[in-house]
Amino acid sequence: MLTSFMSYLGSQFSPGVAGNQLWALIYILIIFAGVSVAVIAMNWLERKALAHFQVRLGPMRVGPHGLLQPIADALKLLLKEDIIPAEADQVVFWVAPLIGLLAAFTVYTVVPFGPSQAVSDMNIGILFMLGVSSLGVLGIVTAGWASNSHYPLIGALRSSAQMVSYEVAMGLAVVSAILMTSLNESGTGTLSMIGIVQAQQQQGIWFIFKFFPLGLIAFVIFAIAMVAETNRAPFDLAEAESELTAGFHTEYSGLRWSLFMLAEYAAMIAVSSIAVTLWLGGWMHPFPNLLSAPAWEFIFSLFPALTFGGLAAIAFLGAARMPGHSFFKIQRAGLAVFAALLGVLALLLLVVAIAGRHADTSIAARFREGIDYVYWFVLKVAVFMYLFIWYRATWPRYRFDQLMKVGWKVMLPISLGVLIVTAIVGVLVK
Amino acid sequence: MTPEMTPVATPFFFYLLSGLAIIGGVLVITRRNAVHSALALIVTLLAVSGLYLMLYAPFVAGVQIIVYAGGIMVLFLFVIMLVNIERTVKERQFNRIWPAGVLAAAALLGLFVSVYVKGKTLLSDPVTGKPLWPDPTISLPDSSNTQQIGVMLYGNYMFAFEIASLLLLVAILGAVIMAKKRI
Amino acid sequence: MTDPRSLSPLDLETCEKPYLDSNELIINMGPQHPATHGVLRVILKLDGEKVLGTECVIGYLHRGVEKIAENRTYTMFNPYVDRMDYVAAVSNGLGYCQAVEKLLNVEAPPRANYIRVILTELNRIASHQLWLGTHALDIGAMTPLFYTFRDREEILKIFEKYCGARLTTHAFRIGGCQYETYAGFEKDVKNFLAFFPPKIVEYEALLTGNRIWLERTKKVGVISAADAIALGVTGPVLRASGVKWDIRKAQPYANYADFDFEIPTGENGDTFDRYMVRMVEMRQSLRIIEQAVNGIPEGPIMAKVPKVIKPAVGEIYHSIEAPKGELGYFIVSDGSTQPYRLRVRPPSFVNLQALDIMVRGMLVADVVAVIGTLDIVLGEVDR
């Protein structure tokens, strides 16, 4: 047991490829927990960031600066009465949120947090991700239908038409990125998520900058399509609250409703990680072609510690700036403890970064590498998450026919054109 | 190089997926509610895609999920949802020619069984002389599967492929003309 | 042009049949719905997402204001009008006070008129801010709502300092104003004049040039000038259709004739034009306030009005340009202390009639956009 546990640490492959079921299970658990925590954090962050966009404070009461608000929300949703409308289709109503949730979480099996930091590396990784994430719409459609009510039905119809049409542009944008992976000696590309990042590593360039501006256009197409794919503003027609009250989840409440939210946020993270993998160099740190000297490697490996140190400093500052009134005593203490935890984490990361600074096969070095990979990947995904919030605060909502027009008449021709031009340029370059 | 893939619990997954596919298929034709049928069909399609994976055809499996389960079935549901369920539930499930259907199904089953039995024992490839039934122990190189399909489709079967796409285009145009009030 | 009289808005049977004999969908929007601005209920007949016809069901906020008037003295009824269009209470009060003054043949003194104009125009800005925030929210832009509410607060603070109330102000009395301006009133108003123009720029930065906003508002809810006139639509909705009709200019009341301002008009009568008309109106209101606050004369603020108001037998109709359109009061006096009959011509109620012809053939999402752009307040529709 222990040997099988330890033996994997030195491996170069993801557990799925190495056939190491124990580690695969551990990775699955880590990712499941990590995504759930990320969703909770995202919930807090969205409410907070949105509030600050809108000259509000957002949650402030539950915990210091509302840090415990997501937990309070989750508890509330768990304890809430779970209503199934009498006229609803009981079984489908029950299954619908699970379909969405399963689809959203299954894609994480192939998300490459690092060259070996993934549950598995399928050779059709990107196809698998697109396919399974497209199944999420089934949850929305069935939920809307099973509610047996007009608003959810319209929401479901909107969402199915929207997703099917945006998937086409999305797929073509992905194909143009995959074409770029084949620009090597052997001329064979790859669909594997890890392979795509490794191709960028070999070519020494993120695909967003490849054949400028072709890569950029494809990336922008994907970045727009992924917002539509996840039903977020300005494409949140399926749950447009001013038109359809709550769209497909109008009749849902309590735990089942929270499953939809969980699925939505998990899907957002999933599509963002596709974008990061395909165009933003996945786990690579910035400028991998220029700044690859060992000194630079060391500097970049300090970033995780610096980030957490910065967060700790912000939290300490927040604790220090709290009003002196005795009412805030507990909150201040709580925030200070939180800051201290972040600080300890930062110190640990610093220790690991320094201990593993030599690129050898020692455990510390491998640990340092792994942390770096995951850090850069998660950081890039986090930028997308912030963009999702930013979009929501800034833009009005598209109308259904305009959404279709943008999808079919603008995005599809552009992505087809980019694909063709990429292919031509690729052949010419070779 | 990746290490040798070691299939895990293969028979278990084979029977699980085939069972799911069959149960789903039976549910598709027995459910009175069209949406339930469609959901059962999705289960079948996903199970079949799992079987493709086990046959070292990952590309086909991925396309099966994207195109059928994610695309076509969503459109199916889109249409079915607009149908008045109340009326369809009351309608008769089978019409009078079901014995003919059973007969056809039995004939197909007979064909499958005979091919299986004969293919395993008697038939052989006329050119190479090898048995037509592949050796179960053979493991195909799975990494180049997608590439091979691409070479086949855009090389050997280019003409057929393009004809098929033209046919689809004609069908799309026809549907648009029939559905649109004014072009 | 469709003759609006040929369409009976209250009859869903007149609308066209759904395409391909598909089932039509009848949706009940409201009275509890996020985008109906209160308790409006709209029954929508849909073909897919296309609106075939609508029917407005109103009366969920009916309080019988006109009937109450018959049982109150003229003075006692004054606060009730604040509860009709509660986001523009000052305008309501102005219209009512002036109608009774007309009935009594009393003129408010000049200083009172200046104070009235300043407060009414501030209220117009406040009302337009609320419209802008909720309208943008209906179309999906969340943020302008908070910006407009933040800035509306400055106006409400002035109201609160002046008369003690923020929403239902009851600022004016028959014959003038009850309260002299507080110390620093002019400074507050001038501060607001400096504070607000950059905020309009901020709203416009979020919306005016935004592609999605343009697509959602241009050619949406179009109403032609002829249709608008035939339906009796007034206010910014009428002006956006190209009709230069503003009672402040056409039949000047208070002392609007003294001020120099322009009446913005649109061309296409679509939602975007209505948006632009209101945005320009806010700027024009600032111009009026600036002139008024600089030219405010000294003097009495109350005309000589009898303690017990007992107008002679007769009837009077007086209308003003409320933020939402023509707000008219028709009062019949039988010589007693109470009106024999009081009828309000509310702009929201009349403008709401245009909903049906504005949304026919559009999509569900346009219905909420049009309800927002009509700028209705259900308190005024139902009275």
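Residues numbered from 1 in each chain as written. Chains lettered and ligands numbered in written order. Predicted model: local features only at pLDDT ≥ 70, side-chain atom pairs only at ≥ 80, totals over all residues. Heavy atoms only, no water.

1. Considerations on the overall build of chain C
Step number 1: Tallying secondary structure elements over chain C gives 15 helices and 8 strands in all.
Step number 2: The C-alpha radius of gyration of chain C comes to 21 Å, within 12% of the 21 Å expected for a compact globule of 383 residues.
Step number 3: Projected onto its principal axes, the C-alpha positions of chain C cover 70 × 50 × 35 Å.
Step number 4: Across the 383 residues that make up chain C, the buried fraction comes to 63%.
Step number 5: Taking contacts inside chain C between residues at least 6 apart in sequence as the whole, the part at least 24 apart equals 73%.
Step number 6: Surface summary for chain C: the accessible area is close to 13,900 Å², and the carbon and sulfur share equals 55%. (Helix = DSSP H or I, 4+ residues; strand = E, 2+ residues; numbered from the N terminus. Rg over C-alpha atoms; globule rule 2.2 N^0.38 Å. Buried < 20%, exposed > 50% of the residue type's maximum accessible area, 1.4 Å probe, protein only. Contact = heavy atoms within 4.5 Å. Areas by Shrake-Rupley, 256 points an atom, 1.4 Å probe, with all protein chains shown as cover.)

2. Points about the overall build of chain A
Step number 1: On a plain count of helices and strands, chain A comes out with 16 helices and 0 strands.
Step number 2: A compact globule built from 430 residues should have a C-alpha radius of gyration of about 22 Å, and chain A, at 23 Å, falls within 12% of that.
Step number 3: For chain A, with 430 residues in total, the buried portion stands at 55%.
Step number 4: Excluding contacts between residues fewer than 6 apart, the proportion of contacts in chain A whose partners are at least 24 apart in sequence is 75%.
Step number 5: Both charge centroids of chain A, one from 23 positive and one from 21 negative side chains, sit 10 Å from each other. (Lys, Arg positive; Asp, Glu negative; His and termini not counted. Charge placed at Lys NZ, Arg CZ, Asp CG, Glu CD.)

3. Overview of helix α5 (residues 90-106) of chain A
Step number 1: Over its 17 residues, α5(A) extends 25 Å from the first C-alpha to the last, a length consistent with the 24 Å expected when each residue adds 1.5 Å.
Step number 2: The axis of α5(A) is deflected most strongly, by about 25°, at A:Ala96, and proline A:Pro97 appears within four residues downstream.
Step number 3: Looking at α5(A), one finds that the buried residues are A:Val92, A:Phe93, A:Ala96, A:Pro97, A:Gly100, A:Leu101, A:Ala103, A:Ala104 and A:Phe105.
Step number 4: Residues of α5(A) that are buried make contact with α3 (21-53), α6 (125-146) and α11 (254-279) of chain A together with α2 (34-54) of chain B. (Expected span 1.5 Å × (residues − 1). Bend = angle between axes of the 7 residues up to and from the residue.)

4. Quick look at the pairing of strand β7 (residues 325-333) of chain C
All names here are of chain C.
Step number 1: Within β7, 8 of the 9 residues are buried, which leaves the element mostly enclosed by the surrounding structure.
Step number 2: Alignment of strand β6 (residues 314-322) against β7, held across 9 bridges, turns out to be antiparallel. Its bridge partner being in β7, Ala322 is matched across the sheet by Gly325.
Step number 3: Remark: 2 residues form the turn of the hairpin made by β6 and β7, two consecutive strands paired antiparallel.
Step number 4: From the end of β7 to the start of strand β8 (residues 339-345), which pair antiparallel, there are 5 residues, and Gly335 there has a positive phi angle of about 90°. (Pairing = 2+ DSSP bridges.)

5. A closer look at the sheet that holds strand β1 (residues 25-29) of chain C
Residue and element names in this part refer to chain C.
Step number 1: Sheet architecture is open: 3 strands sit in the order β1-β2-β3, paired in antiparallel fashion. Looking at the sheet topology across the chains shown, the edges are occupied by β1 and β3 (50-57). Taking the axes of each pair of neighbouring strands and ignoring which way they run, one obtains an average angle of 20° across the sheet.
Step number 2: Examined bridge by bridge, β1 and strand β2 (residues 41-47) share 5 bridges and lie antiparallel to one another. Following the sheet pairing, Leu25 is matched in β2 by Leu46. (Axes fitted to C-alpha atoms, helices over the stretch in contact; angles between N-to-C directions.)

6. Re the confidence of the model for chain C
Step number 1: On average, residues of chain C score 85 in pLDDT, and 94% of them are at 70 or above.
Step number 2: Across the interfaces of the predicted complex, the ipTM metric reaches 0.82, alongside a pTM of 0.84. (pLDDT = per-residue confidence, 0-100.)

7. Points about the interface of chain C and chain A
Step number 1: Residue-level contacts link 34 residues of chain C with 27 residues of chain A.
Step number 2: Note on chain C versus chain A: buried area summed over both sides is about 2,700 Å², and carbon and sulfur give 60% of it.
Step number 3: For chain C, the biggest contributors to the area lost against chain A are C:Met142, C:Ile212 and C:Glu215; these three give 22% of the whole.
Step number 4: In this structure, the connection of chain C to chain A is made through 2 salt bridges.
Step number 5: Residue C:Glu215 is joined to A:Lys405 by a salt bridge in which the shortest nitrogen-to-oxygen separation is 4.0 Å.
Step number 6: For the side of chain C that touches chain A, the elements supplying multiple residues, two or more each, are β1, α4 (110-139), α5 (143-163), α7 (211-217) and α14 (364-374) of chain C. (Buried area = accessible area lost by both parts, 1.4 Å probe. Salt bridge = Lys/Arg side-chain N within 4 Å of Asp/Glu carboxyl O.)

8. Regarding the interface of chain B and chain A
Step number 1: Counting from both sides, the interface comprises 29 residues of chain B and, opposite them, 28 residues of chain A.
Step number 2: Buried area between chain B and chain A, summed over both chains or domains, comes out near 2,400 Å², and the portion from carbon and sulfur atoms is 81%.
Step number 3: Summed over the three residues of chain B that lose the most area to chain A, namely B:Ile66, B:Val74 and B:Met81, the buried surface amounts to 24% of that side.
Step number 4: Counting every contact that joins chain B to chain A gives 0 salt bridges.
Step number 5: For the pair chain B and chain A, the number of links is 1 residue pair in polar contact (both at pLDDT 80 or more).
Step number 6: Elements supplying a minimum of two residues to the side of chain B that touches chain A: α2, α3 (58-82) and α6 (145-156) of chain B. (Polar contact = N/O pair within 3.5 Å; in protein donor to acceptor, adjacent residues only side chain to side chain.)

9. What to know about the packing of aromatic side chains
By convention here, two paired aromatic rings are described through the distance between centres and the angle between planes.
Step number 1: Enumeration according to the criterion identifies 40 aromatic pairs over all chains in this entry.
Step number 2: Considering the side-chain rings of A:Phe248 and A:Phe260, the 5.2 Å spacing of their centres and the 70° angle between planes classify their relative orientation as edge-to-face. Here A:Phe248, found in the loop between α10 (241-244) and α11, pairs with A:Phe260, found in helix α11; they are 12 residues apart in sequence, far enough to count as distant.
Step number 3: Their ring planes at 15° and their centres at 5.2 Å tell us that C:Phe192 and C:Phe196 sit as a pair that is stacked. A residue pair is termed a helical-turn pair when its members lie 3 or 4 positions apart in one helix, as C:Phe192 and C:Phe196 do in helix α6 (residues 185-207) at 4 residues.
Step number 4: On the basis of relative accessibility, which here comes to 3%, the residue C:Phe192 falls in the buried class.
Step number 5: A connected cluster of aromatic rings, assembled from ring pairs, spans A:Phe93, A:Phe248, A:Tyr252 and A:Phe260. (Phe/Tyr/Trp six-rings, centres within 6.5 Å; stacked < 30°, edge-to-face > 60°.)

10. Here's the deal with the environment of C:Phe146
Step number 1: Considering the arrangement of structural elements, one finds C:Phe146 in helix α5.
Step number 2: When its relative accessible area of 24% is taken as the criterion, C:Phe146 is described as partly exposed.
Step number 3: Expressed as a C-alpha distance, the spacing of C:Phe146 and C:Ala225, which sit 79 residues apart in the sequence, is 33 Å.
Step number 4: Among all residues touching C:Phe146, those that are not within four sequence positions of it are A:Gln54, A:Val55 and A:Arg56.

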